[in-house]
Amino acid sequence: MRVEQVEIRYVRLPLKRHFETSFRRTRERHTILVAVRADGVEGWGESPVEDGPWFSSETVETAWHVLRDFLIPMMLGQEIARAADAFARMGRVRGHPMAKTGLEEALWDAEARQQGVPLARLLGGVRDRIESGVSVGIQDSLPELLEQVEGYLAQGYRRVKVKIKPGWDVDVVRELRRRWPTVPLMVDANSAYTLADADHLAALDEWGLLMIEQPLAYDDLYEHSLLQRRLRTPICLDESIPTPAHARAALELGSCRIINIKPGRVGGLAQARRIHDLCQERGVPVWCGGLLETGVGRAHNVAIASLPNYTLPGDISASDRYYERDVVVPPFRLNPDGTIDVPRGPGIGVEIDRDFLETVTVRREVFTQLQHTCHD
Ligand code: MG
């Protein structure tokens, strides 16, 4: 397919309620949506950056710069045989996986729409529904956390993940277990601890957690391998796995027993699938985390999570977990049994709510081969 036009949009979408991790409280989602027109067909993707370098070193402005000045010129007017080749075609640009993801995902959507097949099928997906878990941020008080968890369980979510940090960890887990002794439960530290906290973290072992996600530094593999030897609870890595090579190293070192694969973190769907395949060969389960994506990124996450080795419920929740109104129609909904349907329509299987999207777009640029136009 020939890339005829690329459009990038800086979107700001208010969250229903703030979301707090060990490093930051967020009230509004800042992200970039990418639309590609190829052979007359339009596809959409998302670069799930933030307004600052918090989860990732990328931001709205770095991704905008790299897309505008490097990635889009590299792809515009080019013949791309398959979206699966796009990541390699962008290989001259080092790093910047989130910038690459938006463009790569848009090409996947366009390719699937051209073929008239759901994206999940094009990727090799085998499920028509995915099990949905919910990620609950740090709250101002324990009663508030318990109330929220109770609400999500009543909605049907199949697994609960709570964000932890020093001072909001073992006591919180003990209380959750007292209330819900058997619910599938896990914690995510987003790198809030050091190896010196190993004994403290080992106290979590008695509560039967599915896993502890990313306890140590965001770029570490070695110390996680030492910590994993001290813990019965499986460690799951998120931030520490930006590439398939890091995944291989982590599994060789014993740094984790589970990997959370987020397309945005690894440079798109093809890279996510490579990590999925590597883990599958080694019998290591994976699941799909979230970056508070709008419905566009959410749709791509749902599609990749339909692959066979995504055997654990992920963080892909319904649109209304985060947003009053999503930028896609229909929004993603939770079934009463705690699953989310994999869309059956062509491509990502949902359509852009263009009127609403205009109201949440802060900035937009359109690139064609001959010119580009900027709208603030
Ligand atoms: Mg995480």
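Look up a bit, the structure's there.
Residues numbered from 1 in each chain as written. Predicted model: local features only at pLDDT ≥ 70, side-chain atom pairs only at ≥ 80, totals over all residues. Heavy atoms only, no water.

The secondary structure content of the chain amounts to 13 helices and 16 strands. For 376 residues, the compact-globule estimate of 2.2 N^0.38 gives 21 Å, and the C-alpha radius of gyration of the chain, at 20 Å, lies within 12% of that figure. On the principal axes, the C-alpha backbone points of the chain span a range of 60 × 40 × 35 Å. Per-residue burial for the chain yields a buried fraction of 59% across its 376 residues. Sequence separation of 24 or more characterises 72% of the internal contacts of the chain that already satisfy a separation of 6 or more. (Helix = DSSP H or I, 4+ residues; strand = E, 2+ residues; numbered from the N terminus. Rg over C-alpha atoms; globule rule 2.2 N^0.38 Å. Buried < 20%, exposed > 50% of the residue type's maximum accessible area, 1.4 Å probe, protein only. Contact = heavy atoms within 4.5 Å.)

With that out of the way, let us pick up the environment of Val 302. Looking at where Val 302 falls in the secondary structure, it is placed in helix α12 (residues 295–304). For Val 302, a relative accessible area of 0% gives the class buried. On a C-alpha basis, the gap between Val 302 and Val 117 in space is 15 Å, while along the polypeptide they are 185 residues apart. Discounting chain neighbours no more than four positions away, the residues touching Val 302 are Ile 130, Ile 316, Phe 332, Ile 340, Asp 341, Val 342 and Pro 343.

It is worth spelling out the nonpolar core at this point. With 125 residues, the main nonpolar core has Leu 103 and Ile 259 as its most contacted residues. The element that contributes the greatest number of residues to this core is helix α1 (residues 60–75), accounting for nine residues. Per-domain counts for this core show at least three residues from each of domain 1 (3–116 + 352–375) and domain 2 (121–348). The contact partners of Ile 259, leaving out residues within four places of it in the chain, are Cys 236, Leu 237, Ile 241, Ala 247, Leu 251, Ile 275, Cys 279, Val 284, Pro 285, Val 286 and Trp 287. Listed in part, the five residues of the second largest apolar core include Met 186, Met 211, Cys 236 and Trp 287. (Core = buried A, V, L, I, M, F, W, Y, C linked by side-chain atoms within 4.5 Å. Domains from an automatic or database assignment.)

Turning our attention to the sheet that holds strand β10 (residues 258–260). The seven strands are arranged β5-β6-β7-β8-β9-β10-β11 in an open sheet whose pairing can be described as parallel. Two strands lie at the open edges of the sheet, namely β5 (133–136) and β11 (286–287), each paired on one side alone. Against the sheet, helix α5 (residues 142–155) touches β5 and β6 (159–163), its axis set at about 165 degrees to β5. (Pairing = 2+ DSSP bridges. Axes fitted to C-alpha atoms, helices over the stretch in contact; angles between N-to-C directions.)

On to the packing of helix α9 (residues 244–253) against helix α11 (residues 269–281). Two numbers describe how α9 lies on α11: the axes approach to 9 Å, and their chain directions differ by 20 degrees. The pairing of α9 with α11 is recorded here as roughly parallel in orientation. The handedness of the crossing between α9 and α11 is right-handed. Across from Pro 244, Ala 247, Arg 248 and Leu 251 in α9, the residues of α11 making contact are Gln 271, Arg 274, Ile 275, Leu 278 and Cys 279. Residue composition of the contact of α9 with α11, by class: six nonpolar, one polar and two charged. (Parallel < 35°, antiparallel > 145°, perpendicular 65-115°, else oblique. Left-handed = near helix turned anticlockwise from the far one by under 90°. Nonpolar A, V, L, I, M, F, W, Y, C, P; charged D, E, K, R; others polar.)

Glancing now at the coordination of the magnesium ion. Around the magnesium ion, the donor atoms from the protein are Asp 188 (OD), Glu 213 (OE) and Asp 238 (OD), and they sit 2.3 Å away. Taken in sequence order, the residues that donate to the magnesium ion follow the motif D-x24-E-x24-D. Here Asp 188, found in strand β7 (residues 185–188), pairs with Asp 238, found in the loop between β9 (235–237) and α9; they are 50 residues apart in sequence, far enough to count as distant. Owing to a relative accessible area of 0%, Asp 188 belongs among the buried residues under this scheme. The exposure class assigned to Asp 238 is buried, which follows from its relative accessible area of 0%. (Donors = N, O, S within 2.8 Å, 3.2 Å for Na, K, Ca; no water.)

Further remarks concern the pairing of β7. Along β7, one buried face is formed by Leu 185 and Val 187 and the opposite face, lined by Met 186 and Asp 188, is buried too. Handedness of the β6-helix α6 (residues 170–179)-β7 crossover: right-handed. The pairing of β7 with strand β8 (residues 212–213) spans two bridges and is classified as parallel. Pairing of Val 187 across the sheet is with Ile 212, part of β8. (Right-handed = clockwise from strand over helix to strand, strands pointing away.)

Attention now goes to the packing of α5 against α6. Contact geometry for α5 and α6: axes closest at 11 Å, N-to-C directions at 45 degrees. Put simply, α5 runs oblique to α6. Judged by the twist between their axes, the crossing of α5 over α6 is right-handed. For the pair α5 and α6, contact is made by Leu 142, Leu 145, Leu 146, Val 149 and Glu 150 and by Val 172, Glu 175, Leu 176 and Arg 179, respectively. Here the contact of α5 with α6 is composed, by residue class, of six nonpolar, no polar and three charged.

Enumeration according to the criterion identifies four cavities of 30 Å³ or more in this entry. Taken as a whole, the largest cavity holds about 340 Å³ of empty space. Along the walls of the largest cavity sit 29 residues, with Phe 19, Thr 21, Gly 290, Leu 291 and Leu 292 positioned nearest its centre. When residues of the lining of the largest cavity are traced back to their parent elements, those giving at least two are β2 (25–38), β6 and α12. Here the lining of the largest cavity gathers at least three residues from each of two domains, domain 1 (3–116 + 352–375) and domain 2 (121–348). (1 Å grid on protein atoms, 1.4 Å probe; cavity = no way out; pocket = protein on both sides within 12 Å on 5 of 7 lines; lining within 4 Å. Points joined across faces, edges and corners; volume = space filled by probe spheres on them.)

We now examine unusual backbone geometry. Of note, the amide linkage connecting Val 329 to Pro 330 takes the cis form, showing an omega dihedral of -10 degrees. Mapped onto the elements, Pro 330 comes out in the loop between β12 (328–329) and β13 (339–341). The residue Asp 39 is not glycine, and still its phi comes out positive at about 50 degrees. Along the chain, Asp 39 falls in the loop between β2 and β3 (41–47). On the basis of relative accessible area, Asp 39 is assigned to the partly exposed category, the value being 42%. Here the phi dihedral of Leu 292 falls at roughly 55 degrees; this positive angle occurs in a residue that is not glycine. Relative to the helices and strands, Leu 292 is located in the loop between β11 and α12. Overall, the relative accessible area of 12% leaves Leu 292 in the buried class.

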